Amino acid sequence: QHREVLRADWALDFDMHEGEDGTAPVVAGCKGLHELELRAGDGVDVHSSLVGSVPAPASDLMRAVIALQEEIPAANVTWMIAGTPEDTSRTVVPGMARAGIDLRFDAGGEELLERVRALLPDGVELIVKGVYPAASSPLDAPPVQAMARVMERLGTRPAVAAQAPWWGPYFLYGAPFASGGLGRSAGAHGPDEWCEVDGLRRFMHMAHDTVEELARA
């Protein structure tokens, strides 16, 4: 509903992905993302002496996850919960099991969801928690070419690619965009995420020069 407010001539995303080989990516698109939850069972635990004679939601969920990963390699399990992991002394057949799945896709997100639904066994529910569309720009779009030229002037070989494996909200802008940057970093989303100090300086110069070049075009 805010697409008109967000309308732009171009968009840029800067990050520190320079490689040790002297190259740095410049990407013109990003994959879409489905945020999913699989849920099995009614939530009532029973004594494990009854195993084999009562439903086993954790086993049903495990089979569903294995089926997804065998047929859809992009299926990533982000978390799994069953029983009472805070009290492992309880010998029960868990009454409920849940798993978080993320799926990244180039295009055709709805078709991918239908494939997921067709793979799930009876008793396993699919909950779609979020759908984030893919986005793409032409490789010769002004922001892509401007970022690549600036990298070359600063002594780095740009590695132009059509799509990045991560997601960003670029579909909102309806404008060509590019993502990339100088400097090295690693450990994204982890406790030891880091970046090099000298790389930050080069990163800032590249970001400034890219915006300036586009503004003068």
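Read on for an overview of the structure.

What counts and how
Residues numbered from 1 in each chain as written. Predicted model: local features only at pLDDT ≥ 70, side-chain atom pairs only at ≥ 80, totals over all residues. Heavy atoms only, no water. Helix = DSSP H or I, 4+ residues; strand = E, 2+ residues; numbered from the N terminus. Expected span 1.5 Å × (residues − 1). Contact = heavy atoms within 4.5 Å. Phe/Tyr/Trp six-rings, centres within 6.5 Å; stacked < 30°, edge-to-face > 60°. Buried < 20%, exposed > 50% of the residue type's maximum accessible area, 1.4 Å probe, protein only. Core = buried A, V, L, I, M, F, W, Y, C linked by side-chain atoms within 4.5 Å. Salt bridge = Lys/Arg side-chain N within 4 Å of Asp/Glu carboxyl O. Pairing = 2+ DSSP bridges. Axes fitted to C-alpha atoms, helices over the stretch in contact; angles between N-to-C directions.

1. Overview of helix α3 (residues 142-153)
So, point 1. Look at α3: 16 Å from first C-alpha to last across 12 residues, which is about the 16 Å you get at 1.5 Å a residue.
So, point 2. Along its buried surface, α3 packs onto β1 (11-14), β2 (23-27), β11 (157-161), β12 (177-180) and α4 (197-216).
So, point 3. Immediately beyond the C-terminal end of α3, within one or two residues, lies Gly155, with a positive phi of roughly 90°.

2. A few points about the packing of aromatic side chains
So, point 1. Throughout the structure, instances matching the rule amount to two aromatic pairs.
So, point 2. Their ring planes at 85° and their centres at 6.3 Å tell us that Phe14 and Phe203 sit as a pair that is edge-to-face. With Phe14 in strand β1 and Phe203 in helix α4, the pair connects residues that are 189 residues apart, well separated along the chain.
So, point 3. Of the residues examined, Phe203 reaches a relative accessible area of 17% and is grouped as buried.

3. Some details on the nonpolar core
So, point 1. Membership of the largest hydrophobic core comes to 20 residues, with the highest contact counts inside it found for Leu38, Leu61 and Leu103.
So, point 2. Mapped onto this core, the elements with two or more residues apiece are β4 (32-41), α1 (57-71), β8 (96-105), α2 (109-119) and β9 (124-132).
So, point 3. Those residues within four positions of Leu38 in sequence are excluded, and the remaining contacts are Leu61, Ala64, Val65, Leu68, Ala97, Arg98, Ala99, Ile101, Leu120, Val124, Glu125 and Leu126.
So, point 4. Judged by nonpolar contacts, the second largest core, of 14 residues, contains Ala146, Val150, Met151 and Ala178.

4. Quick look at the pattern of salt bridges
Where side chains of opposite charge bring their charged atoms close, a pairing between them can arise.
So, point 1. What the rule picks out here adds up to 13 salt bridges.
So, point 2. A salt bridge links Asp60 to Arg63; the nearest nitrogen and oxygen atoms lie 2.6 Å apart. Of this pair, Asp60 and Arg63 both sit in helix α1, three residues apart, roughly one helical turn.
So, point 3. The shortest N-O distance in the salt bridge between Arg201 and Asp198 comes to 4.0 Å. Of the two residues, Arg201 and Asp198 are both situated in helix α4; the distance of three residues between them amounts to about one turn of the helix.
So, point 4. Owing to a relative accessible area of 45%, Asp198 belongs among the partly exposed residues under this scheme.

5. Here's the deal with unusual backbone geometry
So, point 1. Look at His189: it is not a glycine, yet its phi comes out positive at around 70°.
So, point 2. Its place among the elements puts His189 in the loop between β13 (185-186) and β14 (194-195).

6. Brief notes about the environment of Arg202
So, point 1. The residue Arg202 is located in helix α4 in this model.
So, point 2. For the pair Arg202 and Met151, spaced 51 residues apart in the sequence, the C-alpha separation amounts to 9.8 Å.
So, point 3. If we ignore the near neighbours within four places in the chain, the residues touching Arg202 are Glu18, Leu154, Thr156, Leu182 and Gly183.

7. A few points about the sheet that holds β8
So, point 1. With antiparallel pairing, four strands are arranged side by side in an open sheet as β6-β8-β4-β9. With one partner strand each, in any of the chains shown, β6 (75-82) and β9 form the two edges of the open sheet. The mean inter-strand angle of the sheet, taken between neighbouring strand axes irrespective of direction, is 15°.
So, point 2. Most of the contacts of α2 go to β4, to which it runs at about 20°, and overall it touches β4, β8 and β9.

8. Comments concerning the side chain of Ser137
So, point 1. Relative to the helices and strands, Ser137 resides in the loop between β10 (135-136) and α3.
So, point 2. For Ser137, a relative accessible area of 10% corresponds to the buried category.
So, point 3. Those residues within four positions of Ser137 in sequence are excluded, and the remaining contacts are Ala28, Ala175, Pro176 and Phe177.

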